[in-house]
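Fold and geometry: a report
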Amino acid sequence: MIIKNVNLETVCGITSVLPDNAHPEIAFSGKSNVGKSSLINALMNRKSYARISATPGKTQTINYYNINDELYLVDLPGYGYAKVSEKEKIKWGQLVERYLHSSRQLKVVFLLIDIRHEPSANDKMMYDWIVGQGYEPIIIATKLDKIKRSQIEKHIKMLRTGLKLIPGTKVIPFSSMTKQGRDEIWELVETEYIGEVE
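Here's what I pulled together on the structure shown here. Remember, it's a predicted structure, so these values are computed and weren't measured experimentally.

Reading guide: rules and limits
- Residues numbered from 1 in each chain as written.
- Predicted model: local features only at pLDDT ≥ 70, side-chain atom pairs only at ≥ 80, totals over all residues.
- Heavy atoms only, no water.
- Helix = DSSP H or I, 4+ residues; strand = E, 2+ residues; numbered from the N terminus.
- Buried < 20%, exposed > 50% of the residue type's maximum accessible area, 1.4 Å probe, protein only.
- Polar contact = N/O pair within 3.5 Å; in protein donor to acceptor, adjacent residues only side chain to side chain.
- Contact = heavy atoms within 4.5 Å.
- Salt bridge = Lys/Arg side-chain N within 4 Å of Asp/Glu carboxyl O.
- Pairing = 2+ DSSP bridges.
- Axes fitted to C-alpha atoms, helices over the stretch in contact; angles between N-to-C directions.

Structurally, the position occupied by D123 is in helix α3 (residues 121–132). Given a relative accessible area of 3%, D123 falls into the buried group. Within the structure, D123 has its side chain in polar contact with the side chain of Y79 (distance 2.7 Å).

Shown next as structure tokens:
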């Protein structure tokens, strides 16, 4: 994918009306500190377009990034951040649920999981929930540069087992430092999902 232009077109909060877009939507979900903004910036070839924050849980909105007027990268609110009240968490959950149910252009959900650790209870819950909404998420195993190359297969197996992934689910290891996995994600999006809508 050659990125010609990027535009943060729509930002939706808890009370917002979600847009009815004409282009395919590719959504990204993940825990608050899993590196979602870094991944989206890497995909867009931008250093800091998606806001990276030292404070996890910063993305409290659904952000729609229009890429080349061809598709949207949709950044969903991060989950599992301890300092947010239960009431707020429920509202965010309802916002994401509303999005998954109402978007007519959503093609795939990428779920980001930290490759270094066993999936958390929140990760498992999110995976099961996305599957329950009728989607088969693709896993992006982030922070790849933090483990040794020899450990990669073992850690991917740990994610597969921990999340009880549906057999055949794709797991793409990704590093925001080296950009490993970036081309693989774009290739998948272009071949599997963009071609569906003309």
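So, about the side chain of T142. Locating T142 in the fold gives a position in strand β6 (residues 138–142). Its relative accessible area of 2% is what places T142 among the buried residues. If we ignore the near neighbours within four places in the chain, the residues touching T142 are V34, L112, I113, D114, I115 and F174.

Let's shift gears to the pattern of salt bridges. Pairing is possible between side chains that carry opposite charge, provided their charged atoms lie close to one another. In this structure the tally under the stated criterion is five salt bridges. For the salt bridge of R104 with D20, the shortest nitrogen-to-oxygen distance reads 2.8 Å. Highlighted residues: R104 in the loop between α2 (86–102) and β5 (106–114) and D20 in the loop between β1 (6–12) and β2 (25–30), separated in sequence by 84 residues. A relative accessible area of 66% means that R104 is categorised as exposed. Taking relative accessible area as the criterion, D20 reaches 55% and is therefore assigned exposed.

The pairing of strands in a sheet happens through backbone hydrogen bonds and is either parallel or antiparallel. Spatial ordering of the open sheet is given by β1-β3-β4-β2-β5-β6-β7, a layout of seven strands whose pairing is mixed. A single partner strand is all that each edge strand has here, and the edge strands are β1 and β7 (171–173). Taken over all neighbouring pairs, the strand axes of this sheet differ in orientation by 25 degrees on average, direction set aside. Examined bridge by bridge, strand β3 (residues 62–67) and strand β4 (residues 71–75) share five bridges and lie antiparallel to one another. The residue of β4 that forms the bridge with Y64 is V74. Sheet contacts for helix α1 (residues 36–44): β1, β2, β3, β4, β5 and β6; angle to β2, the most-contacted strand, approximately 150 degrees.

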